[in-house]
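# Secondary and tertiary structure notes
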Amino acid sequence: AQSVAQPEDQVNVAEGNPLTVKCTYSVSGNPYLFWYVQYPNRGLQFLLKYITGDNLVKGSYGFEAEFNKSQTSFHLKKPSALVSDSALYFCAVRDRTGGSTLGRLYFGRGTQLTVWP
Amino acid sequence: DAGVTQSPTHLIKTRGQQVTLRCSPKSGHDTVSWYQQALGQGPQFIFQYYEEEERQRGNFPDRFSGHQFPNYSSELNVNALLLGDSALYLCASSSTLNTEAFFGQGTRLTVV
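Quick summary incoming for the structure in this document. (Residues numbered from 1 in each chain as written. Chains lettered and ligands numbered in written order. Predicted model: local features only at pLDDT ≥ 70, side-chain atom pairs only at ≥ 80, totals over all residues. Heavy atoms only, no water.)

With that settled, the discussion passes to the overall build of chain B. Summing up its helical and strand segments, chain B has zero helices and eleven strands in all. Going from the N terminus to the C terminus, chain B shows its helices and strands as β-β-β-β-β-β-β-β-β-β-β. In summary, chain B has a C-alpha radius of gyration of 13 Å against a globular reference of 13 Å for 112 residues, a match within 12%. Along the longest, intermediate and shortest principal axes, the C-alpha atoms of chain B span 40 × 25 × 25 Å. Evaluated residue by residue, chain B yields a buried proportion of 52% over its 112 residues. Look at the contacts in chain B between residues 6 or more apart in sequence, and 52% of them connect residues 24 or more apart. Taking the average location of the 8 positive side-chain charges in chain B and that of its 10 negative ones, the two points are 12 Å from each other. (Helix = DSSP H or I, 4+ residues; strand = E, 2+ residues; numbered from the N terminus. Rg over C-alpha atoms; globule rule 2.2 N^0.38 Å. Buried < 20%, exposed > 50% of the residue type's maximum accessible area, 1.4 Å probe, protein only. Contact = heavy atoms within 4.5 Å. Lys, Arg positive; Asp, Glu negative; His and termini not counted. Charge placed at Lys NZ, Arg CZ, Asp CG, Glu CD.)

This is how it looks when you write it as structure tokens:
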């Protein structure tokens, strides 16, 4: 069965410090990998994706993510956190069967990131 | 360029009633997916529509049904509402030119 794990419900960091939000997955084949962010009472906002190529992908708002195939992980990182980064972050995967558009997303439970001043 | 729009943003229904949620995809997108996000959980896939047909379905009962119109907009219908159907319902659109899905702001459904 396909699954996504975000082992930390909460991550707390001080502003200016680096942050990491962890994600591991169990999906057959070579899935597409995504990170989304959700602000209170809002939908999901796309941050970045891994399709193929370089294991380090860069996305919006200074975020990046590192893909590790052997560990089936896709951790979200940012070198210097901002208070405005505080939000709920979701890791998601989609398998490649059916082409690039067809296919459901599997989400983790989410990690609440809090950045304090 | 308008993104994915959903209506209504909030609604309250009584157990046993029926509800219809609406979604207009991002311009140029032809695929619409619906997700249910319960409080404190990640979104769960309900179903996906492409070319006006349901292409994939998640583990949801037949009370959940949908439709896609020729202009690619979509509706989600839920019959015989249960208290457990209370959640944020998210619509996502995508196209053959993108691998990522774009989400609307969601419809918050409360069943009382």
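Moving on: the state of the cysteines. The final tally for this structure, using the stated rule, is two disulfides over all chains. Sulfur-sulfur distance for the disulfide between Cys23 of chain A and Cys91 of chain A comes to 2.0 Å. Of note, the bridge from Cys23 of chain A to Cys91 of chain A carries an S-S torsion of about -65 degrees and is left-handed in sense. Note that Cys23 of chain A is positioned in the loop between strand S3 (19-21) and strand S4 (24-26) and Cys91 of chain A in strand S10 (residues 87-94), a separation of 68 residues in sequence. Cys91 of chain A shares its class with Cys23 of chain A; the two are buried. Each disulfide pairs two cysteine sulfurs, and for Cys23 of chain B the partner residue is Cys91 of chain B, the sulfurs being separated by 1.8 Å. Judged by the sign of its S-S torsion, about -60 degrees, the bond between Cys23 of chain B and Cys91 of chain B is left-handed. Here Cys23 of chain B, found in strand S3 (residues 19-24), pairs with Cys91 of chain B, found in strand S9 (residues 87-94); they are 68 residues apart in sequence, far enough to count as distant. One exposure class covers both Cys23 of chain B and Cys91 of chain B, and it is buried. (Disulfide = S-S within 2.5 Å.)

Tracing the sequence through the fold places Glu100 of chain B in the loop between S9 and strand S10 (102-103). Within the structure, the side chain of Glu100 of chain B is placed 2.7 Å from the side chain of Lys49 of chain A, a separation counted as a polar contact. In this structure the side chain of Glu100 of chain B is engaged in a polar contact, spanning 3.5 Å, whose partner is the side chain of Thr99 of chain B. Those residues in contact with Glu100 of chain B that sit more than four places away from it in its chain are Phe34, Tyr36, Phe46, Lys49 and Arg94 of chain A together with Ser93 and Ser94 of chain B. (Polar contact = N/O pair within 3.5 Å; in protein donor to acceptor, adjacent residues only side chain to side chain.)

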